[in-house]
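A look at the structure
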Amino acid sequence: MRQKILVVDDDEKITSLLRRSLAFEGYEVTTAANGLEGLKAMLAADPDLVVLDVMMPHVDGWEVCRRIREGGSAVPVLMLTAKDEIKDRVKGLDTGADDYLVKPFALEELLARVRALLRRKSDKSEKGSAQLAFEDLVLDLDSREAIRAGRAFDLTSKEFDLLHLFMQNPRRVLMRETIMEKIWGYDYSGESNVLEVYIAMLRQKTEEGGARRLIQTVRGTGYVLKGENG
């Protein structure tokens, strides 16, 4: 069965290009010309991945992504934005996006990111009830929810992937390049601070209420999950 991709963009040239290119790659493609149409298409098409433009009339991409997540869907979302500013990236990540690409983009890069997101989605098909625990932090692999000291909090798809990786490798220093490869599936070539943004978001959630830091920075190398006593 072909994987289904929903493209939501008010630029007809871009939707036409992506429809043809993604179909050529073997995907089943549905398009929507604005945010409202995109939300309706989400219900009708049940896509495996959403390519979502940020700047659209009436309902923008940030709002569409927020509503998708509020509806309980963990479908991977790749956001397209004309703004290459940190605050805009963070806003997109905060609404639940998994990745972003700045316009104008190279088609080959977009296809690579689509493949990476879909590959990670298929790799997450863990069956049965399972949890990972480190000190007072618990990660539920079924509900994709984290609990620390009895306080539950939700994670975006990419936040879950990142915390999952740390909790599979407690007390092991993970190099930045290794994290990028395992979580994003391709090389950002050091051009982006997306990893730092996600680390900051995870720390904010795991340290809420004054909880001590578990995700430690190893200067010049990467990050490690460890407690006060190692």
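The rules behind these values
Residues numbered from 1 in each chain as written. Predicted model: local features only at pLDDT ≥ 70, side-chain atom pairs only at ≥ 80, totals over all residues. Heavy atoms only, no water. 1 Å grid on protein atoms, 1.4 Å probe; cavity = no way out; pocket = protein on both sides within 12 Å on 5 of 7 lines; lining within 4 Å. Points joined across faces, edges and corners; volume = space filled by probe spheres on them. Helix = DSSP H or I, 4+ residues; strand = E, 2+ residues; numbered from the N terminus. Nonpolar A, V, L, I, M, F, W, Y, C, P; charged D, E, K, R; others polar. Core = buried A, V, L, I, M, F, W, Y, C linked by side-chain atoms within 4.5 Å. Buried < 20%, exposed > 50% of the residue type's maximum accessible area, 1.4 Å probe, protein only. Contact = heavy atoms within 4.5 Å. Lys, Arg positive; Asp, Glu negative; His and termini not counted. Salt bridge = Lys/Arg side-chain N within 4 Å of Asp/Glu carboxyl O. Polar contact = N/O pair within 3.5 Å; in protein donor to acceptor, adjacent residues only side chain to side chain. Axes fitted to C-alpha atoms, helices over the stretch in contact; angles between N-to-C directions. Parallel < 35°, antiparallel > 145°, perpendicular 65-115°, else oblique. Left-handed = near helix turned anticlockwise from the far one by under 90°. Phe/Tyr/Trp six-rings, centres within 6.5 Å; stacked < 30°, edge-to-face > 60°. Lys NZ or Arg CZ within 6 Å of the ring centre and 35° of its normal.

The name an unreviewed UniProt entry gives the protein chain is Transcriptional regulator, with Paenibacillus darwinianus as the organism.

**With respect to the layout of surface pockets**
One number sums up the size of the largest pocket: a volume of about 380 Å³. In terms of lining, the largest pocket is formed by 20 residues, of which the most central are R69, D154, L155, T156 and S157. Residue assignment for the lining of the largest pocket shows that the elements contributing at least two residues are α4 (86–94), α6 (157–168) and α8 (194–206). Considering only residue class, the lining of the largest pocket consists of five nonpolar, eight polar and seven charged.

**A closer look at the nonpolar core**
Ranked by size, the top nonpolar core spans 50 residues in total, and within it L52, L162, F166 and I179 carry the most contacts. The leading source of residues in this core is α8, at seven residues. Each residue touching I179, except ones within four places of it in the same chain, is listed here: L162, L165, F166, L174, W184, L195 and Y223. Listed in part, the 17 residues of the second largest apolar core include L18, Y27, L80 and L110.

**Describing the side chain of D140**
By secondary structure assignment, the location of D140 is in strand β7 (residues 137–140). Within the buried core, D140 has no salt-bridge partner, and the shortest N-O distance to an opposite charge, that of R144, equals 9.3 Å. A polar side-chain atom of D140 sits 3.4 Å from a polar atom in the side chain of Q131. Contacts of D140, omitting those with residues within four sequence positions, involve A130, Q131, E145 and F160.

**So, the packing of helix α2 (residues 35–45) against helix α3 (residues 61–70)**
The geometry of α2 relative to α3 is characterised by a closest axis approach of 9 Å and an angle of 25° between their N-to-C directions. Here α2 lies roughly parallel to α3, going by the angle between them. Seen from above, α2 lies across α3 with right-handed handedness. In contact with G35, L39 and M42 of α2, α3 contributes V64, R67 and I68. Of the residues in the contact of α2 with α3, the class split is four nonpolar, one polar and one charged.

**Side note on the packing of aromatic side chains**
Under the counting rule described, the total for this entry stands at zero aromatic pairs. Lying across the ring of F160, R144 places its NZ or CZ 3.9 Å from the centre.

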